[in-house]
Amino acid sequence: QLQLVESGGDLVQSGGSLRLTCGASGSNVKYYAVGWFRQAPGKEREGVSGIDAGGSSTNYADSVKGRFAVSRDNTKGTVYLQMNNLRPDDTATYYCAARLGPLPPVIQEGWYDDWGQGTGVTVSS
């Protein structure tokens, strides 16, 4: 089991950038794949990005490809989501989640077991 805490959410203008951090503790994070998800008001939670345990494989939702980048530093026990060229429709609560084992081929919440409590991102127009 992994305990996860997200940080870095903020209010940002359209076109700006933000970096979210997912801090992990409780188990060795180097064995866990990590996904990023978001949920906007009135919408279902959707997958944003994922990264495998070693940081060599990633996947992204079509809506964020070319704008977001996921990375990790297992020595620090952290996973990052760099968000560039933000748009108002990126406004949501962002969550990180972990699973023991390989990166799933799709970013779906059912694959992931351990979840953080989320951090809010608001993009103004």
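First, a word on what this report is: a plain description of the structure on this page. (Residues numbered from 1 in each chain as written. Predicted model: local features only at pLDDT ≥ 70, side-chain atom pairs only at ≥ 80, totals over all residues. Heavy atoms only, no water.)

Below, the discussion takes up the side chain of Asn59. Within the secondary structure, Asn59 sits in strand β6 (residues 58-60). A distance of 3.2 Å separates a polar side-chain atom of Asn59 from the backbone oxygen of Pro104. (Helix = DSSP H or I, 4+ residues; strand = E, 2+ residues; numbered from the N terminus. Polar contact = N/O pair within 3.5 Å; in protein donor to acceptor, adjacent residues only side chain to side chain.)

In space, the 4 strands of this open sheet follow the order β1-β3-β8-β7, with antiparallel pairing throughout. Whereas interior strands pair on both sides, the edge strands pair on one side only; in this sheet they are β1 (3-7) and β7 (68-73). Direction aside, the axes of adjacent strands within the sheet are offset by 15° on average. In terms of strand pairing, β7 meets strand β8 (residues 78-83) through 6 bridges, oriented antiparallel. Note on β8: the bridge partner recorded for Asp73 is Thr78. (Pairing = 2+ DSSP bridges. Axes fitted to C-alpha atoms, helices over the stretch in contact; angles between N-to-C directions.)

Turning to its location among the elements, Thr78 is positioned in strand β8. Relative accessible area serves as the criterion here: at 12%, Thr78 is assigned to the buried category. A distance of 2.9 Å separates polar atoms of two side chains, one belonging to Thr78 and the other to Tyr80. Non-local contacts of Thr78, meaning those with residues more than four positions away in its chain, are made with Thr21, Cys22, Gly23, Arg72 and Asp73. (Buried < 20%, exposed > 50% of the residue type's maximum accessible area, 1.4 Å probe, protein only. Contact = heavy atoms within 4.5 Å.)

Let us look at the pattern of salt bridges. This model, assessed by the stated rule, comprises 6 salt bridges. With a closest N to O distance of 2.8 Å, Glu46 and Arg38 form a salt bridge. Overall, the relative accessible area of 29% leaves Glu46 in the partly exposed class. Classification of Arg38 as buried rests on a relative accessible area of 5%. (Salt bridge = Lys/Arg side-chain N within 4 Å of Asp/Glu carboxyl O.)

Any functional reading would require information that these geometric values do not contain.
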